[in-house]
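Commentary on secondary and tertiary structure
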Amino acid sequence: MRLRDVNFPSIASSEITPEDVWLNRRQLMQGAGLGALAAVGMTPSAAATSPTLAELAAAAADCDGCSTDESLTPYSDAISYNNFYEFGTDKSDPAQYAHEMNVDPWSVEVGGLVNKPGKLHLEDLITGFDLEERIYRFRCVEAWSMVVPWVGFPLAALLERFEPSSDAKYVAFKTLYRRREMRGTRSFTSIIDWPYREGLRLDEAMHPLTLMTVGLYGKVLPNQSGAPLRLIVPWKYGFKSIKSIVSIELVDKQPATSWQQLAPQEYGFYSNVNPEVDHPRWSQRFERRLPSSLFSPNRIQTLPFNGYAEQVASLYKGMDLRVHY
Amino acid sequence: MTTHSLPPFLSYRIVWWLLFGFGIGPFLWLAWAVIQNALGPDPAEVLMHTTGEWAIRFLVVVLLARPLSQWGWPVLFRARRLFGLFVAFYASLHLLVFAQVYVGWSGAILAEELAERPYVVVGFVAWVLLLPLSITSLHSLRRRMGRHWRSLHRSVYLIALLVTLHVLWLSRSDIGDALLYAVVFGVLLGWRFVVFWRKSLRAKQSS
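Treat the numbers as computed from the prediction; the structure is a model and nothing was measured.

What counts as what
- Residues numbered from 1 in each chain as written.
- Chains lettered and ligands numbered in written order.
- Predicted model: local features only at pLDDT ≥ 70, side-chain atom pairs only at ≥ 80, totals over all residues.
- Helix = DSSP H or I, 4+ residues; strand = E, 2+ residues; numbered from the N terminus.
- Contact = placed C-beta atoms within 7 Å.
- Buried ≥ 20, exposed ≤ 12 C-beta atoms within 10 Å, placed from the backbone.
- Nonpolar A, V, L, I, M, F, W, Y, C, P; charged D, E, K, R; others polar.
- pLDDT = per-residue confidence, 0-100.
- Core = buried A, V, L, I, M, F, W, Y, C linked by C-beta atoms within 7 Å.

Our focus in this paragraph is the overall build of chain A. Of the regular secondary structure elements, chain A holds ten helices and 13 strands. Relative to all contacts within chain A whose residues are 6 or more apart in sequence, the contacts with residues 24 or more apart total 71%.

Moving on to the environment of N102 of chain A. All names here are of chain A. With respect to the secondary-structure elements, N102 resides in the loop between α5 (93-97) and β2 (107-112). Look at N102 and you get buried, because 24 C-beta atoms sit within 10 Å. Once the C-alpha coordinates of N102 and W282 are considered, the two residues, 180 residues apart in sequence, prove to be 36 Å apart.

This part takes up the interface of chain B and chain A. In this complex, chain B contributes 20 residues to the contact, which on the side of chain A involves 24 residues. At the level of secondary structure, the elements contributing two or more residues to the side of chain B that touches chain A comprise α2 (43-70), α4 (80-103) and α10 (176-206) of chain B. In terms of residue count, α2 of chain B provides more of the side of chain B that touches chain A than any other element does, four residues in total. Partitioned by chemical class, the residues of the side of chain B that touches chain A number nine nonpolar, six polar and five charged.

Take the confidence of the model for chain B next. Per-residue confidence for chain B averages 89 on the pLDDT scale, and 96% of its residues sit at or above 70. At the level of chain-chain contacts, confidence expressed as ipTM amounts to 0.80, with global pTM at 0.83.

As a further point, take the nonpolar core. By size, the foremost hydrophobic cluster in this structure holds 77 residues, and its most contacted members are V171, V214 and L231 of chain A. No other element matches the six residues that strand β5 (residues 144-154) of chain A contributes to this core.

So, in structure tokens, the structure goes:
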């Protein structure tokens, strides 16, 4: 597993990992029941569309709100219709270009107001935590939604390992920012201030539904879905569920987040799914549950907190959600 | 405005059919893709974008017709009506998709959209302004209207302005498209203005 210490910026791992090394590694991991790491050996084209991504072993979660019997959005749709503006603003751009991002080696810096700051490596993410499968509704602020079986572990489990200090009130996240590997960040007309940033209040971060995600559909996350580590906060609009995380920082003040910086009147820090508060440019009362079609748009009503009110509404007791949108 | 610049083997009829094919092409492709379910999991978004974009592209072609004809390519000038009708055609499809997928044919939701979203209003006004232009594109009406026809059809510049505003208002994190249209329409409008200004200057000098 020493490969992780060798840094080859902007060269796909498949180009630098000799096949025998990769095979050995794969056997090693399968021996330990951890096929996931084989993902580091996948070819770029496979990364974009592959049905052959490594399988992840995960137990089905049985917590409150952790599953739904609504029909799942097909895997092929979930990995081909994405917003990941680092690779372009079209929905098909991430699936087309995210393979240019090198996810091995990968490390996540955890710091700020914690007693034990440190780094997590790609391997730690998959071997160091008990993986569960959670089937969540995913509601984009653009009024479309999916139902996706994610694989991951509670963010709380990760944060506890680094021991947040008593001053910590918020968690700030950052996405990888590599211009050479992310063509969307090279756009002259983009007005996003990279890297992409997101944040949660500490109690939101510690909520059992908040998931650090490493896979979907029992497979390792493909790059366009935020490999190798992303957040999923099912009761918030999708852009809160930051992808390809490289930094997690505990802070005492509400951190600035990318969309809020860009258009504060349209995107609030909380961004809880709320049919009563419109995006100024479109209504949030309905959503298109994908796959949708022209003649049966599959337009359904949006629920407060994306249907997770029972689990999370108490976090916002006494707050005016029209002000704190 | 004759077609004498065409090569001898091309009659205007053939050219017209070629241009017609070019104009109807995007629609045929979209219709095929809808039937084949080939537009991905969220066809609403693709259809909204594609129909809107083609309406704008053909509007650019319409506005290009006059300058191009003066630079020795008069065929496009004659086909101006064809492309003008394609602008109205794609703009109408754009509106139909909006009604079907975003409004769900609900009067209440349409009223809310018009009341609360300025870009919807601007787009809708642009579409309404296209209607009289489409109707008066009939040759018989045009003849009957005489010089009024020209002044009515000048509203195409207002439509271009509204469309640019529509796209600008819709931009989220990348203003590339909006800037492109603003520049293209800006240049075309500016050119018209310069021509008009020169003409009136000349008229003054000769009087």
